[in-house]
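Below, each chain spelled out in residue letters.
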Amino acid sequence: MERLWSPWRSTYIQSFASSDGDDRCVFCEALEDTDDDQRFLVKRHDQCYAILNLYPYNSGHLLIVSNRHVPTLHELDDTIYSEMMLMIRRWSHVIQQAMHPHGFNIGLNIGRTAGAGIDMHIHWHIVPRWRGDVNFMPVIGDTKVISEDMRETMIKFRETYEKLYS
Ligand SMILES: [Zn+2]
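Residues numbered from 1 in each chain as written. Predicted model: local features only at pLDDT ≥ 70, side-chain atom pairs only at ≥ 80, totals over all residues.

**Digging into the sheet that holds strand β3 (residues 62-66)**
Keep this limit in mind: Two strands make a pair as long as DSSP finds a minimum of two bridges between them. A run of H or I in DSSP becomes a helix once it reaches four residues, and a run of E becomes a strand once it reaches two; helices and strands are each numbered from the N terminus. Lines fitted to the C-alpha atoms define the axes, with helices restricted to the stretch that makes contact. Angles between their N-to-C directions range from 0 to 180 degrees.
Taken in spatial order, the five strands line up as β1-β2-β3-β5-β4 in an open sheet, and their pairing is antiparallel. Both outer strands of the open sheet, β1 (41-44) and β4 (103-107), are each paired with one neighbouring strand and no more. Taken over all neighbouring pairs, the strand axes of this sheet differ in orientation by 20° on average, direction set aside. In terms of strand pairing, β4 meets strand β5 (residues 123-129) through five bridges, oriented antiparallel. Considered in β5, the bridge of G107 is made with H125.

This is the structure in structure tokens:
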């Protein structure tokens, strides 16, 4: 379980992210949508946003998504990149306060070969970890989980962010 965002876990996302002749991007769609709650979009920042992963590897699995649709880090300008780094730090703090995990995996995949499910739109993963969670993560990792738990998590994350950073 050393790599949580690994290719063998992203088959479902790939199935809708890159179907033939369909170039819509779920991250661009979420950005353009007005119903953040429906999308589990937790918060919008100037250059990026935080959204719960609908296919979580663990409870609280958060994505930091660039507002720009680009596939690689070097295509992000410095302003966006810097804000994403800042938000990774802030949101890992938020998750720490809200969920008290024992650790985190934080990272990104660049390119389909490296395991990116949505490889044209760069996004960082923040995955909280608890001792013993390895045992159930493979079960939920390939399953779309939209539950009241996710709604509660979204609300709790927003409240904690406001408390810490507003
Ligand atoms: Zn996009």
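**Overview of the nonpolar core**
What counts here: Nonpolar core, as used here: buried Ala, Val, Leu, Ile, Met, Phe, Trp, Tyr and Cys residues forming one set through C-beta atoms within 7 Å. Think of it as a crowd count around each C-beta: if 20 or more other C-beta atoms lie within 10 Å the residue is buried, if 12 or fewer it is exposed, and in between it is partly exposed, with C-beta placed from the backbone throughout. C-beta atoms are placed from the backbone for every residue, and two residues are taken to be in contact when these atoms lie within 7 Å.
A50, I51, I64, W91 and I126 are the most contacted members of the largest nonpolar core, which has 29 residues in total. Those elements that place two or more of their residues in this core are α2 (26-32), β2 (48-52), β3, α4 (78-99), β5 and α6 (148-165). Per-element accounting of this core gives the leading share, seven residues, to α4. Contact partners of I126, with chain neighbours within four places excluded, come to L62, I64, I88, W91, S92, I95, F104 and I106.

**Notes on unusual backbone geometry**
Here F40, not a glycine, exhibits a phi torsion of approximately 60°, which is positive. If you trace the backbone, F40 turns up in the loop between α3 (36-39) and β1. Since 20 C-beta atoms lie within 10 Å of it, F40 is described here as buried. Positive phi, normally seen in glycine, also occurs at H100, with a value near 50°. Here H100 lies in the loop between α4 and β4.

**Comments concerning the environment of C48**
One can find C48 in strand β2. Remark: the alpha-carbon pair of C48 and N67, spanning 19 residues in sequence, is separated by 4.7 Å.

**Points about the environment of R90**
As for its position among the elements, R90 is in helix α4. In this structure the C-alpha to C-alpha distance between R90 and Y161, which are 71 residues apart in sequence, comes to 8.0 Å.

**Observations regarding the confidence of the model for the chain**
Worth spelling out the cut-off: Confidence of the prediction at every residue is given by pLDDT, a number between 0 and 100.
Averaged over all residues, the pLDDT of the chain equals 84, while 78% of them reach at least 70. Under a pLDDT of 50 for its full length, residues 1-21 has, in the predicted model, 27 contacts with residues more than four places off or in other chains.

**Quick notes on the pairing of β3**
Taking burial as the measure, the five residues of β3 include five buried ones, the bulk of the element. Neither face of β3 is exposed, since L62, I64 and S66 on one face and L63 and V65 on the opposite face are all buried. With five bridges joining them, β2 and β3 adopt antiparallel strand pairing. Looking across to β3, one finds that A50 is bridged to I64. Relative to β5, β3 runs antiparallel, the two being bridged by four bridges. Following the sheet pairing, V65 is matched in β5 by H123.

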